[in-house]
Structures are given as structure tokens and as C-alpha cells.
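Architecture at a glance
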Amino acid sequence: RKRPKLIPFKPPRKQKALLERMKQAYHFLFSISGLLLLFLFLTPRVLGQLVPDAMLCLDSIREIHLHDPHRALALLDTAEQRHAPGIQPYEIDILRARCHNAAGEYYLMEKYAKRALASDSVQASPRRKLAITIDLIEALNARLQYEEAIRLCQQANELARQLDDRKIQGQILYIMGGIYAK
């Protein structure tokens, strides 16, 4: 009696082509992600050498922080390293918090908003304190820390009442209502 010949399994052509395309896509994505990481780590250093001092002013950074927050953050890093004239550390922290908000990085937004709020220059100016407190409330709300956000809303509402700023009071009450509704 003859034994039947075993034929090695070969996947159909369609499956083989699909597997090949998946391998190519994987290698492509892996190489792109490596380049992207390299770019993100080198960008602040490159910007630190190539950016003219005229670009390191708050107005030019504010212009780009909403549509390109990571570039704005790199410019803020460069401004901080160079000790750019006319930019106070608390202003860098406030703008950093807003850049992280635009990027959806709420943990970092909270970190820099708290750091800015601890600054003596912010504490000395009720309007500045109110603005950064609202930024901090937004970060806490996004991070689902409702109790702390409500406590800060109450403080900010009292500060807005002292400044007789009804527009800000309305904004704070609107935020509080949204938090309570959750």
C-alpha cells in the first residue's frame, strides 16, 4: 500500500497578498513613528538655534498656540532657555497651560495652571488670577475632578463678584451648571 504524498499547505493567493500588504504597512508605520519621535525630541533643540528673537514674543506665540500647540510649546521652551526679555515666567506657564489645553493634554494643562496660579505676580492681579483659575477649572473638569472644580468655581465666582464682572460670573455659573449636570 502506498502512502499518500503530503502536500505542504500554501495559503491562497489572496491571503498571501493580504499578509504581505499587512507586513509592509506595519514596517511603514514603525519607521514613520520612529521618525516622528526623533523629530519631536529634536525640535526644541533645533528651534532653540534657529528661531530669531523676534519670534520669541508672547504675541507671536499666542497667534499659533491654537492651531499648532506643539510648535508654540517649543517656542516657549526656547524663550525660557534664552530668558527672552519682556516675558515673565508666570506668562510662560499661563501660555503653556493654554497650549496643552489646545492639544488636549489636560494633566499638563492642570500642572502649568497650578504653577502659574502659585506665582506672586498672578496672586497680586485679581484679573490674572481669575483668568488662570478658569483655565484650571477647565482642566479639572476635563480630568473629571468635579469636586475640586466646583470649589474653584465658587472661589472664582466670588472674585468675579468683587471685580463686578458679570460676564465672567455668567461664564463661571455656566461651567458650574455643566459640572453639576454630569
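Higher on the page you've got the structure.
A brief report on the enclosed structure follows. Nothing here was measured: the structure is a model prediction, and the numbers come from that model.

1. Regarding the overall build of the chain
- Broken down by element type, the chain carries 9 helices and 0 strands.
- Taken from the N to the C terminus, the helices and strands of the chain come in the order α-α-α-α-α-α-α-α-α.
- Split into buried and exposed, the 182 residues of the chain put 35% on the buried side.
- Accessible surface computed for the chain: about 12,900 Å², of which carbon and sulfur atoms make up 59%.

2. Structural notes on unusual backbone geometry
- Residues other than glycine seldom take positive phi values, yet Leu-144 does so here, at roughly 65°.
- Residue position: Leu-144 is located in the loop between helix 7 (126-142) and helix 8 (146-162).
- With a relative accessible area of 58%, Leu-144 lands in the exposed category.
- In this structure, Asp-164 takes a positive phi of about 55° despite not being glycine.
- With respect to the helices, strands and loops of the structure, Asp-164 is situated in the loop between helix 8 and helix 9 (166-181).
- Given a relative accessible area of 57%, Asp-164 falls into the exposed group.

3. Things to note about the packing of helix 8 against helix 9
- Orientation of helix 8 relative to helix 9, taken along the N-to-C sense of each, is 160°, at an axis distance of 9 Å. What the angle tells us is that helix 8 and helix 9 run roughly antiparallel. The chirality of how helix 8 crosses helix 9 is left-handed. For the pair formed by helix 8 and helix 9, the contact residues are Tyr-146, Ala-149, Ile-150, Cys-153, Gln-154, Ala-156, Asn-157, Ala-160 and Arg-161 on the first element and Ile-168, Gln-169, Ile-172, Leu-173, Ile-175, Met-176, Ile-179 and Tyr-180 on the second.
- Its residues assigned to classes, the contact of helix 8 with helix 9 comprises 13 nonpolar, 3 polar and 1 charged.

4. Observations regarding helix 3 (residues 69-82)
- With 14 residues, helix 3 ought to run about 20 Å at 1.5 Å a step, and its terminal C-alpha atoms sit 20 Å apart, in line with that.
- Here helix 3 has its buried residues at Pro-69, Ala-72, Leu-73, Ala-74, Leu-75, Leu-76, Thr-78 and Ala-79.
- Just downstream of helix 3 lies His-83, where phi reads positive at about 55°.

5. Examining the side chain of Asp-135
- Within the secondary structure, Asp-135 is located in helix 7.
- Look at Asp-135 and you get buried, because its relative accessible area is 10%.

6. Points about the nonpolar core
- If you look at the biggest cluster of nonpolar residues, it comprises 28 residues, and the most contacted ones within it are Leu-130, Ile-132, Ile-137, Cys-153 and Ile-172.
- Within the residue set of this core, elements represented by two or more residues are helix 4 (89-102), helix 5 (106-117), helix 7, helix 8 and helix 9.
- Core analysis: the next-biggest nonpolar cluster, separate from the first, contains 14 residues, Ile-61, Leu-73, Leu-75 and Ile-87 among them.

7. Some details on the pattern of salt bridges
- Under the definition given, this model contains 12 salt bridges.
- Here Glu-110 makes a salt bridge to Arg-143, at a shortest N to O gap of 2.3 Å. Highlighted residues: Glu-110 in helix 5 and Arg-143 in the loop between helix 7 and helix 8, separated in sequence by 33 residues.
- On the basis of relative accessibility, which here comes to 30%, the residue Arg-143 falls in the partly exposed class.
- Residues joined by salt bridges that share partners form a network here, namely Asp-77, Glu-80, Asp-93, Arg-96 and Arg-115.

What counts, and at which threshold
Residues numbered from 1 in each chain as written. Predicted model: local features only at pLDDT ≥ 70, side-chain atom pairs only at ≥ 80, totals over all residues. Heavy atoms only, no water. Helix = DSSP H or I, 4+ residues; strand = E, 2+ residues; numbered from the N terminus. Buried < 20%, exposed > 50% of the residue type's maximum accessible area, 1.4 Å probe, protein only. Areas by Shrake-Rupley, 256 points an atom, 1.4 Å probe, with all protein chains shown as cover. Axes fitted to C-alpha atoms, helices over the stretch in contact; angles between N-to-C directions. Parallel < 35°, antiparallel > 145°, perpendicular 65-115°, else oblique. Left-handed = near helix turned anticlockwise from the far one by under 90°. Contact = heavy atoms within 4.5 Å. Nonpolar A, V, L, I, M, F, W, Y, C, P; charged D, E, K, R; others polar. Expected span 1.5 Å × (residues − 1). Core = buried A, V, L, I, M, F, W, Y, C linked by side-chain atoms within 4.5 Å. Salt bridge = Lys/Arg side-chain N within 4 Å of Asp/Glu carboxyl O.

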